[in-house]
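Structure at a glance
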Amino acid sequence: DSGVTQTPKHLITATGQRVTLRCSPRSGDLSVYWYQQSLDQGLQFLIQYYNGEERAKGNILERFSAQQFPDLHSELNLSSLELGDSALYFCASSGGPGRRAEAFFGQGTRLTVV
Amino acid sequence: AQKITQTQPGMFVQEKEAVTLDCTYDTSDQSYGLFWYKQPSSGEMIFLIYQGSYDEQNATEGRYSLNFQKARKSANLVISASQLGDSAMYFCAIPSGGSYIPTFGRGTSLIVHP
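My aim in this report is to walk through the structure given alongside it, one point at a time. (Residues numbered from 1 in each chain as written. Chains lettered and ligands numbered in written order. Predicted model: local features only at pLDDT ≥ 70, side-chain atom pairs only at ≥ 80, totals over all residues. Heavy atoms only, no water.)

Considering the overall build of chain A
To keep it simple, the criterion reads: By definition, any uninterrupted DSSP run of H or I lasting at least four residues is a helix, any uninterrupted run of E lasting at least two residues is a strand, and each is numbered from the N terminus. What makes two residues a contact is simply this: any of their non-hydrogen atoms within 4.5 Å. With residues, only the protein chains shown are counted as cover, and all accessible areas are computed by Shrake-Rupley using a 1.4 Å probe. Charged residues are defined narrowly, with Lys and Arg counted positive, Asp and Glu counted negative, and His plus the chain ends left uncounted. Throughout, a charge is located at the NZ atom of Lys, the CZ atom of Arg, the CG atom of Asp or the CD atom of Glu.
Each helix and strand in chain A was counted, giving zero helices and eleven strands. Listing the helices and strands of chain A from first to last along the sequence gives β-β-β-β-β-β-β-β-β-β-β. Taken over the C-alpha atoms alone, chain A extends approximately 45 × 25 × 25 Å along its principal axes. Taking as baseline every contact in chain A between residues at least 6 positions apart, the subset at least 24 positions apart corresponds to 54%. Of the roughly 5,500 Å² of accessible surface on chain A, 47% is carried by carbon and sulfur atoms. For chain A, the separation between the mean place of its 10 positive charges and that of its 11 negative charges on side chains is 5 Å.

Considering the sheet that holds strand β8 (residues 74–78) of chain A
All names here are of chain A. Under the convention used in this document: Criterion used throughout: strands pair if DSSP finds at least two bridges between them. Only the stretch in contact is used when fitting a helix axis, every axis being a line fitted to C-alpha atoms; angles between N-to-C directions are given from 0 to 180 degrees.
Taken in spatial order, the four strands line up as β1-β3-β8-β7 in an open sheet, and their pairing is antiparallel. Lying at the two open borders of the sheet, with one neighbouring strand each, are β1 (5–7) and β7 (64–68). Each strand of the sheet is rotated relative to its neighbour by a mean of 15°, with strand direction disregarded. One ladder, built from five bridges, connects β7 with β8; its direction is antiparallel. Along β8, the bridge assignment pairs Ser65 with Asn77.

Structure (structure tokens):
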């Protein structure tokens with residue numbers, strides 16, 4: 001158990017809809033990362049939050065947004081969903097005082113857009 | 001920018017034998033870390049092992065060890081005494097930028113034969 005909790009594990013939704021993915025980081029971790037994993041693109045970094053503030057952006061579409069709350073949990077919002085958004089979405093956490101840089105991953109949310 | 005190259009898309013090994021998974025990297029940082037992750041067919045990303053660039057000894061974690069050759073910029077993962085449960089995708093990663101965002105290679109698929 002990595003200590004990172006993601007919900008839901010599976011999500012099936014229709015094109016054009018909006019979904020929210022939730023992530024609780026490991027206790028004490030301040031950084032949260034979101035990744036998208038698809039067969040053709042591999043693991044793509046989307047966005048990072050650190051202690052409530054956006055720290056870095058990767059290949060995140062404008063239809064996607066995220067936030068990190070005061071209790072450090074994070075949500076990834078995906079809107080106007082397209083078939084191509086079907087993928088495995090991971091949340092990972094790292095950081096915090098005295099911790100190494102490796103990131104620990106949640107079990108992922110498998111999103112299927114139909 | 002950091003870059004990870006994993007040149008072996010697929011590897012096969014007999015149960016109980018050792019196997020080496022290749023990883024080369026490119027970074028301009030003087031101090032950095034390298035990580036390996038395992039992704040079984042169930043999908044979760046499992047942290048395996050970490051190597052710091054200034055660590056004097058190669059990292060080991062149980063049956064996993066890193067063959068770290070800094071001058072060649074390679075950090076190969078060695079799995080000793082392979083088990084059927086080792087069948088999975090294996091990813092090498094390096095933190096990028098000041099925010100230590102893990103950048104992943106494309107992965108190597110390992111299949112362990114009985």
